[in-house]
Amino acid sequence: MNIKDVFTPFTVWSKVVKDPVTIKDPLSREAAPRYRGFHKNDIDVCIGCGTCEAICENQAIDLVPVEGIETKDGDSGLRPRIDYGRCCWCALCVDICTTNSLNLTNEYTWVDTDPDAFIFTPGVDKKSWDDKEDGWKKPVPNYHFYGQSRIPMGELHAEERVDSFIEFVKGFSKQQAEEEADRCVACGICTATCPAHMGIPDYIAAIRNEDMEEGMRILYETNPLPEICGRICTHKCEDVCSVGVNGDPLSIRWLKRYIADQIPADVDKYNDILYTKDIKNNNRKVAIVGSGPSDLSAAYYLALLGYKITIYEKLPQAGGMMRYGIPEYRLPYDQIDKDIDYILSLGVDIKYNVTVGKDITLDQLHEENDAVFAGTGLHLGRSTRIPGSDNEKVYQSVELLRNIVTGAEVPVERKIVVIGGGNVAMDITRSMARLQKAKYGEVNIITTSLESEDIMPADREEVVEAREEGCTIIPGYGPQEVVIEDGVVKGLRVWKCLSIFDENHNFSPKFDQSDERVFEGDMVIESIGQGMDLSYLSEDIKKGLEFGPRGRVQTNDKFQTSLPWLFMGGDIIQGPDVIHGIANGHIAAMAIDDFLNQGR
Amino acid sequence: MSKFFEFKPDRSKYPAMGADGKLDIDLSSQKYTKLWLGPNHPGVTGNMAVELTLAGDEIVEAKTHVGYLHRGFEKLIERRLYVQGFPTSIRMCVAEPDTNEYLIARSTEVLSGYDKDVPEMAQWLRMLSLEMARLQGLLRGVPGQAGTFSLGIGVQWGVYLRDLILDRFEELTGARVYHMYIIPGGVRGLLPDGFKKRMEDNLRDIDDFIVRIRQLMFNNAIFNKRAKGIGVIPKEWVEQYGIVGTNARASGVKRDIRKDYPYLHYDQLDFDPPTATDGDIYARSWVRWQELIQTVDLIRQIMAKMPEKGDIRAQMPNVLHWKIPKGETYTRLESGRGEYGMYYVTDGSDKPRRVNLRGPSYTHAIALLEKMLVNTNIADVHATMVSLQTCPPEIER
Ligand code: SF4
Ligand code: SF4
Ligand code: SF4
């Protein structure tokens, strides 16, 4: 025992004269800028994707409808509501939020006498901390809970591409597909926007689970043309993909193609996977006019229900615009056949080279069948009707694209001018470029559209790829005249287009005449939209139908016309694109079934 | 005076041990009293119950009872995605929550093969947060031992200084106690601007505290008399019971996972775990006090050696679908209480098949404590439990 040890502890008394170290007012003390306090949500930025709900390990988040926020493309209309009886303030929801709308502010305390107040919808239920800047945010730019960048798609080089009509998108490898599929947060925002409401997160999950057969079954629930759509769909889903808000959207289209590509072109195999071997015939018949996407879709879903389907196709092969409008380098014929062969294997009959209205009347079809579906598409070219457009060297893109497929003669000149800014204009541009390359060894084609670059209706990638292939795209000019000298087409005279629509949104382009150019060309191709040919509707039938604007037949939301036995869909009703056609066909098939089951 | 302190109780009235190894305690003889210490929660020692059989105020038998806290955290983690585990895991040990985060993160990384991808910066930040956790634990634990002998002032100083470290935690991790900072793949934030300076200021205060607490504890007649010779762990027991950490080191067995099985970048730090030989409460306090000095030094070393910038998290699969192939691993680290480990089993799905936390208190506070308490006084029970760094929540995961 050391006597010093008795006295040393008394040195603590020296602290008595020190100022107190505790802060007496903890309420006004500011928390650290990174503190995980209470939730706030920028509801104008939030898209209601529910990813925060998915990550919350305490199930503290529910997505709920909010007054004043409408469901629309890319926004579920729901917003996260948080239960502070469950939350542990881990901020995983903040870290994963696809839009970065959700944050925590650095608030320490919240006192309320109403227990229900602690279940609240941040941003909707106003809180005192809503305007605070500090608090937990997604840590640093390169900290991510899911991949932000797309797995690049392998493509042929532009020089190679333009040498042939070979498909230039190579498709994903297994590893690429799985890595891309991994990026999906399974929110379903895409499903809501997809016209066919495909089970996108589910089939993407099938890729992750390496279960292609399950993937096929999911695809076929809503879309019987996956090889086709997996290549040329307008992918409205990708425009809204929530991963795309802060990164690259999922390559949904290529993933769909990946699944379908994994199944060999063998109808038996298809029938096995999709359980369609023994469909019972229900002894009822439906005739379908045309074999485009809406027709094939209606045929497929009706065939599944046991209907006897007969398709009447004017052209020698099935597929409609998918075959006769879309160039082979985007959609190879064998892939079209793969999808169609399976549908035909379900006992669907198809009569080629039969024009309804000429070889057989619609009335006859009505007599022989219980119902008729017509999805005859837009196969008529439209003309600009500018001076000179009646020259024989002025062509319609629909016509040329069809001739390329049928093998009919296609005139290819050294210099070509195309009028149009949509996808079809790009298709004809790039097809003609390939033909020019084959014939003359060089590409010399100018495509001009009324729309300026930023509002061109064509997909961005189409424009970019066309340019890569050597085509010249000059948007923002309005055609005035096909320049003809001595009966020979010399080019196209255009004026700068200032605006396309007037105040009332009517088509009324304004031009700047001082900015006049002449695009040299030995032929001009018009690609400014297509029209429909409804000549198969007899006068009697027409009397029974109602017509809407632009000569479109009016149908109800089930694509039933005012003649109850006649259903119409596809580009002549909606769209125009393949996926709307598929969706129309599916809905119409269900409606036909309902209609024919009425009273049974 | 010295005669008084060397007073040895008369043990002759102790019950004899029967042939079956059980003590022959006849409560109706009125020689013995049963006393339950806990379960109530005035501090860590009350989270579990110690059933004491007393003769007078001396303990003739002690039985430990746990199960009052059981919250099934392991099971909760087994039902959650890999990334969701760490916010739940921290509750398994409140004293140093960060250790749990690290074990979960490291286990998932090892089993999924991403352990090599954790960025350099994140490794250093993980080490920093783990040492900060050790520091705040010691700031409570070292004076806490004096507190069990009613020397309360040290605890007050310690709590204040610990709060300063919690301030640093707050600015680094976004929270004061449950930091949720170490995430599979890395960490969740870089050092804020000016952090090192503020930390250094705090460390200087702690340097001063270290001197003061020495005067208060080791140069204190009361502490010396109460802590010396009580709660002795003989060196042989270390192997027999599997005693780890400062408890083993105070009995002369140098055991430290940071040295024996280096993880993170501990092999790049210069330190030597302190040891003592007596194995009593005093020795353990002394070792811990030394460790306090060392931890302050380690934090300085880490701040000096860590990179200035860098990524904080590896490129990992989407956390929502992350699947880990079939496998199992045991991950361990040196916590303030000794080897702290986790057995982690995956079965190829998106959730762990089994998560089993193995903390040192399992041995120290259940088996060892029962033996150590015999022949001591009621007043020494809390002191002994605190000297073992008992943490019941880590026993009952
Ligand atoms: S993750 Fe973000 S964007 Fe999605 S619902 Fe939650 S708060 Fe809104
Ligand atoms: S902070 Fe964590 S517990 Fe709270 S709502 Fe977000 S994810 Fe859920
Ligand atoms: S593809 Fe995009 S929008 Fe669709 S579920 Fe996945 S993340 Fe959501």
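Residues numbered from 1 in each chain as written. Chains lettered and ligands numbered in written order. Predicted model: local features only at pLDDT ≥ 70, side-chain atom pairs only at ≥ 80, totals over all residues. Heavy atoms only, no water.

Q: Summarise the site of ligand 3; cite the residues concerned and give the values.
A: The local shell around ligand 3 holds 13 residues, among which C184(A), C187(A), G188(A), C190(A) and C241(A) are the closest. Along the lines of polarity and charge, the residues of the shell around ligand 3 split into 11 nonpolar, two polar and no charged. (Near = heavy atom within 4 Å. Nonpolar A, V, L, I, M, F, W, Y, C, P; charged D, E, K, R; others polar.)

Q: Explain the domain arrangement of chain A to me, using residue names and the numbers behind them.
A: Residue and element names in this part refer to chain A. Examined at the domain level, chain A breaks down into domain 1 (26-136), domain 2 (158-263), domain 3 (278-379 + 533-596) and domain 4 (381-530). Centre-to-centre separation of domain 2 and domain 4, based on C-alpha positions: 32 Å. Between domain 2 and domain 4, the contact holds 10 residues from the first and 12 residues from the second. Summed over both sides, the interface of domain 2 with domain 4 buries roughly 990 Å², with 53% coming from carbon and sulfur. The largest contributions to the domain 2 side of the interface with domain 4 come from R161, V162 and F165, which together make up 56% of the buried area. (Domains from an automatic or database assignment. Contact = heavy atoms within 4.5 Å. Buried area = accessible area lost by both parts, 1.4 Å probe.)

Q: Describe the sheet that holds strand β2 (residues 61-65) of chain A, with residues and values.
A: All names here are of chain A. The strand order across the open sheet built from three strands is β2-β3-β5, with neighbouring strands paired in antiparallel fashion. Each edge of the open sheet is held by one strand with a lone partner, namely β2 and β5 (119-120). Across two bridges, the pairing between strand β3 (residues 78-83) and β5 is antiparallel. Residue pairing across strands places I82 opposite F120, the latter belonging to β5. (Pairing = 2+ DSSP bridges. Helix = DSSP H or I, 4+ residues; strand = E, 2+ residues; numbered from the N terminus.)

Q: Report on the environment of P65(A), specifying residues and quantitative values.
A: Residue and element names in this part refer to chain A. Structurally, P65 can be placed in strand β2. Taking the relative accessible area as the measure of exposure, P65 reaches 68% and is therefore exposed. If near-sequence neighbours (up to four positions away) are discounted, P65 is found in contact with G77 and L78. (Buried < 20%, exposed > 50% of the residue type's maximum accessible area, 1.4 Å probe, protein only.)

Q: Got a sec to walk through the interface of chain B and chain A? Specific residues and values, please.
A: Counting residues at the interface gives 47 residues for chain B and 46 residues for chain A. Buried area between chain B and chain A, summed over both chains or domains, comes out near 3,600 Å², and the portion from carbon and sulfur atoms is 55%. Area buried by chain B at its contact with chain A is led by R188(B), L320(B) and H321(B), which between them contribute 18% of it. In this structure, the connection of chain B to chain A is made through three salt bridges. For R29(A), the salt bridge goes to E170(B), with nearest N and O atoms at 3.9 Å. The interface formed by chain B and chain A includes 28 residue pairs in polar contact (both at pLDDT 80 or more). Taken together, the residues that form the side of chain B that touches chain A break down as 22 nonpolar, 12 polar and 13 charged. (Salt bridge = Lys/Arg side-chain N within 4 Å of Asp/Glu carboxyl O. Polar contact = N/O pair within 3.5 Å; in protein donor to acceptor, adjacent residues only side chain to side chain.)

Q: Lay out the pattern of salt bridges in plain terms, naming residues and giving numbers.
A: All names here are of chain B. Taken as a whole and assessed by the stated rule, the structure comprises 74 salt bridges over all chains. The shortest N-O distance in the salt bridge between D163 and R176 comes to 3.4 Å. On the criterion of sequence distance, the pair formed by D163 in helix α6 (residues 152-173) and R176 in the loop between α6 and β4 (182-183) is long-range, its members being 13 residues apart. Given the relative accessible area of 34%, D163 is considered partly exposed.

Q: So what about the pairing of strand β6 (residues 285-289) of chain A? Which residues, and what values?
A: Residues and elements named next belong to chain A. The buried count for β6 comes to four of five residues, which makes it a mostly enclosed element. One ladder, built from five bridges, connects β6 with strand β7 (residues 308-312); its direction is parallel. Across the sheet, residue K285 finds its bridge partner in β7, namely K308. Chirality of the crossover, the property in question, places the unit of β6, helix α14 (residues 293-304) and β7 among those that are right-handed. One ladder, built from four bridges, connects β6 with strand β9 (residues 371-374); its direction is parallel. Paired with I288 across the bridge in β9 is F373. (Right-handed = clockwise from strand over helix to strand, strands pointing away.)

Q: Report on unusual backbone geometry, specifying residues and quantitative values.
A: Of all residues except glycine, most have a negative phi; of all peptide bonds, most are trans. All names here are of chain A. Of note, W89 is a non-glycine position whose phi angle comes to about 55°, a positive value. Among the structural elements, W89 can be located in the loop between β3 and α3 (92-96). Owing to a relative accessible area of 25%, W89 belongs among the partly exposed residues under this scheme. Backbone geometry at A91 places phi at a positive 65°, although glycine is not the residue there.

Q: Which residues make up the state of the cysteines, and what values go with them?
A: All names here are of chain B. For the structure on display, the rule yields zero disulfides over all chains. Among the cysteines around C391, which has no disulfide bond, C93 carries the closest sulfur, lying 3.8 Å off. On the basis of relative accessibility, which here comes to 4%, the residue C391 falls in the buried class. (Disulfide = S-S within 2.5 Å.)

Q: Provide a residue-level description of the domain arrangement of chain B, including the pertinent values.
A: Residue and element names in this part refer to chain B. Considered domain by domain, chain B is made up of domain 1 (1-68 + 360-397) and domain 2 (73-359). One C-alpha centre belongs to domain 1, the other to domain 2; they are set 28 Å apart. Each side of the interface is counted separately: domain 1 has 23 residues, and domain 2 has 34 residues. Of the roughly 2,500 Å² buried between domain 1 and domain 2 on both sides combined, carbon and sulfur atoms contribute 61%. It is P360, Q389 and R397 that lose the most area in domain 1 upon contact with domain 2, and together they represent 28% of the buried surface on that side. Seen at the junction of domain 1 and domain 2, the total is three salt bridges. Residue E74 pairs with R397 through a salt bridge whose shortest N-O separation is 2.7 Å. One can count 18 residue pairs in polar contact (both at pLDDT 80 or more) joining domain 1 with domain 2.

Q: Explain the sheet that holds strand β3 (residues 58-65) of chain B residue by residue, including any values.
A: Residues and elements named next belong to chain B. Within the open sheet, the three strands sit side by side as β1-β2-β3. Their pairing is antiparallel. Of all strands in the sheet, those with a lone pairing partner are β1 (33-37) and β3, marking the two edges. Each adjacent strand pair in this sheet contributes to an overall mean axis angle of 25°, direction not counted. Pairing of β1 with strand β2 (residues 49-55), which is carried by five bridges, proceeds in the antiparallel orientation. Bridged to T33 within β2 is L54. Strands β2 and β3 of the sheet are contacted by helix α13 (residues 361-373), whose axis makes an angle of about 170° with β3. (Axes fitted to C-alpha atoms, helices over the stretch in contact; angles between N-to-C directions.)

Q: Which residues make up the confidence of the model for chain B, and what are the values?
A: All names here are of chain B. Summarising the model, chain B shows a mean pLDDT of 88, and 94% of its residues fall at 70 or more. This stretch, residues 1-5, has a pLDDT under 50; its non-local contacts, to residues over four places away or in other chains, come to one contact. Predicted complex, confidence summary: ipTM 0.89, pTM 0.88. (pLDDT = per-residue confidence, 0-100.)

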